[in-house]
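Close look at the chain arrangement
These are the residues of each chain, in order.
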Amino acid sequence: QVQLVESGGGLVQAGGSLRLSCAASGSIFSMRTMGWYRQAPGKQRELVATITSGGSTNYADSVKGRFTISRDNAKNTVYLQMNSLKLEDTAVYYCQYSGPDGLPIYWGQGTQVTVSS
């Protein structure tokens, strides 16, 4: 089992920044992809960004150039730096930990990000 605890969400004005953190504990294999998804009201959960253990990243087109994902393998923690936030970034953000096939198998409880005008 892997436990994921997110932090850093909140309320921010459009154009502002937030940094999300996700700390993993339990039966952790450091050579696994981690990442962030988000779900806005009435919408399906969507990928935001992922990062492999080697640091290769993948971003949704909607956040490229604004969000940066990083990880500290020694701390079993993944981060999401979100800049130039837009109203449409409002959602619950979920941290994920992947299985050996790269697909998400564990999820955090989610942290709310609300962007106001």
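Predicted, not measured: the structure shown is a model, and the values here were computed from it.

Some points on the pattern of salt bridges
The tally for this structure, following the rule as stated, stands at four salt bridges. For arginine 38, the salt bridge identified is with aspartate 89, shortest N-O distance 2.9 Å. With arginine 38 in strand S4 (residues 34-39) and aspartate 89 in the loop between strand S8 (77-82) and strand S9 (91-98), this residue pair connects regions lying 51 residues apart in the sequence. With relative accessibility at 5%, the residue arginine 38 sits in the buried group. The shortest N-O distance in the salt bridge between lysine 64 and aspartate 61 comes to 3.1 Å. A residue is classified by how much of its surface remains accessible, and aspartate 61, at 64% relative accessible area, is exposed. One salt-bridge network, in which partners are shared between bridges, spans Arg38, Glu46, Arg66 and Asp89.

Describing the packing of aromatic side chains
Enumeration according to the criterion identifies two aromatic pairs in this entry. For the ring pair tyrosine 37 and tryptophan 107, a centre distance of 5.1 Å and an interplane angle of 80° mean the geometry is edge-to-face. Taken as a pair, tyrosine 37 in strand S4 and tryptophan 107 in strand S10 (residues 104-107) lie far apart in primary sequence, 70 residues in all. Judged by relative accessible area, tyrosine 37 falls into the buried class, the value being 16%.

Criteria and thresholds
- Residues numbered from 1 in each chain as written.
- Predicted model: local features only at pLDDT ≥ 70, side-chain atom pairs only at ≥ 80, totals over all residues.
- Heavy atoms only, no water.
- Salt bridge = Lys/Arg side-chain N within 4 Å of Asp/Glu carboxyl O.
- Helix = DSSP H or I, 4+ residues; strand = E, 2+ residues; numbered from the N terminus.
- Buried < 20%, exposed > 50% of the residue type's maximum accessible area, 1.4 Å probe, protein only.
- Phe/Tyr/Trp six-rings, centres within 6.5 Å; stacked < 30°, edge-to-face > 60°.

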